[in-house]
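So the chains spell out like this:
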Amino acid sequence: MKDTRIIDMHVHSSASDGTFSPALLLSEAKKAGLSAMALTDHDTMDGIEEAAAAAKELDIELVPGVEISTEYHDREIHVLGYYVSANYPRLKAMLEEFRDFRATRNVRMVKRLQEEGFSITMEQLTEKFPDSVLTRAHMSRFLCETGQIPDTRTAFAKYLGENCCCYIDRPKISPVEAVILIREAGGLAVLAHPVLCDLTEADLRQMIVEMKEAGMCGLEAVYSENSAEDEVRMRKLADEFDLLITGGSDFHGSNKPDILLGVGKGNLHIPYAFLQSLKEKR
């Protein structure tokens with residue numbers, strides 16, 4: 001009998017830059033008919049405990065995960081870690097360092113936005129997004145919703161994106177270092193949305209070689225922002241390098257309103273078989 005179960009392996013909560021609490025995410029996953037969901041917040045696993053309790057109550061399989069920010073050839077590269085132990089000392093220390101830096105970084109970016117003439121304060125952001133870990137996504141939403149910019153894309157393109165006037169860089173590690181750390185923490189490492197890496201074909205291939213040698217086991221070939229051609233190309237790449245295929249929506253709630261849980265922009269179908277292959281790899 002054919003397994004028709006569907007899943008989503010790339011989801012963000014309010015523990016990072018999503019707008020749904022971890023528990024609410026699981027309720028939405030239940031409504032969406034998902035059999036399993038991976039919570040992969042940016043550089044934090046603070047939402048896993050709440051998500052696990054909700055998943056148990058709702059009878060949904062939760063994959064504890066994280067999305068680690070790294071850098072390769074001056075490009076921001078994200079590495080997904082599945083089944084990682086949140087209490088592994090080296091990983092825990094790195095995530096805490098990222099969290100502590102984020103707090104001071106937010107203050108400095110808000111100051112730069114003020115210098116550009118925008119009306120925005122940390123107090124206003126905290127009041128508007130009381131249960132969130134504040135990020136650039138919240139700053140862009142605030143500017144948009146207060147009528148100071150036309151849309152959030154403009155905020156990133158002109159002010160908050162990398163190399164823009166209000167952007168402040170953050171400490172990063174290399175993709176290889178992230179893979180090694182994920183493996184040390186008992187997890188499985190997967191390259192997130194390779195199409196968005198914005199690397200030349202040669203650099204992308206070289207990075208994949210290096211990450212696989214470090215122990216990376218998969219590539220996120222099925223993704224909301226991929227065109228049909230992108231997906232075919234990423235599937236071929238995964239096959240060429242003997243990597244598992246994963247898939248995810250990259251759901252952020254109202255911070256990415258065009259992306260829906262489980263189905264992305266309506267173009268996603270992520271079978272349980274993807275997760276089964278990861279579980280067998282463990």
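As shown above, the structure is provided for reference.
Residues numbered from 1 in each chain as written. Predicted model: local features only at pLDDT ≥ 70, side-chain atom pairs only at ≥ 80, totals over all residues. Heavy atoms only, no water.

Let us now look at the pairing of strand E3 (residues 61–72). Most of E3 sits inside the fold, with 9 of its 12 residues counted as buried. When strand E2 (residues 34–39) meets E3, the two strands line up parallel, connected through 4 bridges. When the bridges of E3 are listed, alanine 38 appears paired with valine 63. Bridge analysis of E3 against strand E4 (residues 75–82) gives 8 bridges, and the strand direction is antiparallel. What sits directly across from threonine 70, in E4, is isoleucine 77. Counting the residues between successive antiparallel strands, the hairpin from E3 to E4 contains 2 residues, one of them, histidine 73, with a positive phi of roughly 50°. (Buried < 20%, exposed > 50% of the residue type's maximum accessible area, 1.4 Å probe, protein only. Helix = DSSP H or I, 4+ residues; strand = E, 2+ residues; numbered from the N terminus. Pairing = 2+ DSSP bridges.)

Turning next to the environment of glutamate 210. With respect to the element layout, glutamate 210 can be found in helix H8 (residues 201–214). For glutamate 210, a relative accessible area of 26% puts it in the partly exposed group. As a C-alpha pair, glutamate 210 and proline 175 span 35 residues in sequence and 8.6 Å in three-dimensional space. Excluding residues that lie within four positions of it along the chain, glutamate 210 makes contacts with Tyr72 and Val176. Polar contacts involving the side chain of glutamate 210 include one to the side chain of tyrosine 72, which spans 3.3 Å. (Contact = heavy atoms within 4.5 Å. Polar contact = N/O pair within 3.5 Å; in protein donor to acceptor, adjacent residues only side chain to side chain.)

Along an α-helix, a turn takes 3.6 residues, which lines up residues three or four apart on a common side. Of all the positions in helix H6 (residues 152–160), only Thr154, Ala155, Tyr159 and Leu160 are classed as buried. End-on view of H6: buried residues confined to an arc of 140°, all on one side of the axis. Seen from the buried face of H6, the exposed residues on the opposite side, beyond 90 degrees, are Arg153 and Ala157. Packing partners of the buried residues in H6 comprise helix H3 (89–115) and helix H5 (136–145). The opening residue of H6, the one whose side-chain oxygen lies 3.2 Å from the backbone nitrogen of arginine 153, is aspartate 151. (Arc of directions from axis to C-beta.)

We now examine the environment of arginine 153. Turning to its location among the elements, arginine 153 is positioned in helix H6. When its relative accessible area of 64% is taken as the criterion, arginine 153 is described as exposed.

With that out of the way, let us pick up the pattern of salt bridges. It is possible for side chains bearing opposite charge to pair when their charged atoms get close. This model, assessed by the stated rule, comprises 19 salt bridges. Here glutamate 115 ties to lysine 111 by a salt bridge, and the two come within 2.8 Å at their closest N and O atoms. On the criterion of helical spacing, the pair formed by glutamate 115 and lysine 111 is a turn pair, its members being 4 residues apart in helix H3. With relative accessibility at 56%, the residue glutamate 115 sits in the exposed group. (Salt bridge = Lys/Arg side-chain N within 4 Å of Asp/Glu carboxyl O.)

Okay, the pairing of strand E6 (residues 218–223) next. Taking burial as the measure, the 6 residues of E6 include 6 buried ones, the bulk of the element. Traced from strand E5 (residues 188–191) through H8 to E6, the parallel crossover comes out right-handed. With 5 bridges joining them, E6 and strand E7 (residues 244–248) adopt parallel strand pairing. The residue of E7 that forms the bridge with glycine 218 is leucine 244. Crossover handedness for the path E6 to helix H9 (residues 228–240) to E7: right-handed. (Right-handed = clockwise from strand over helix to strand, strands pointing away.)

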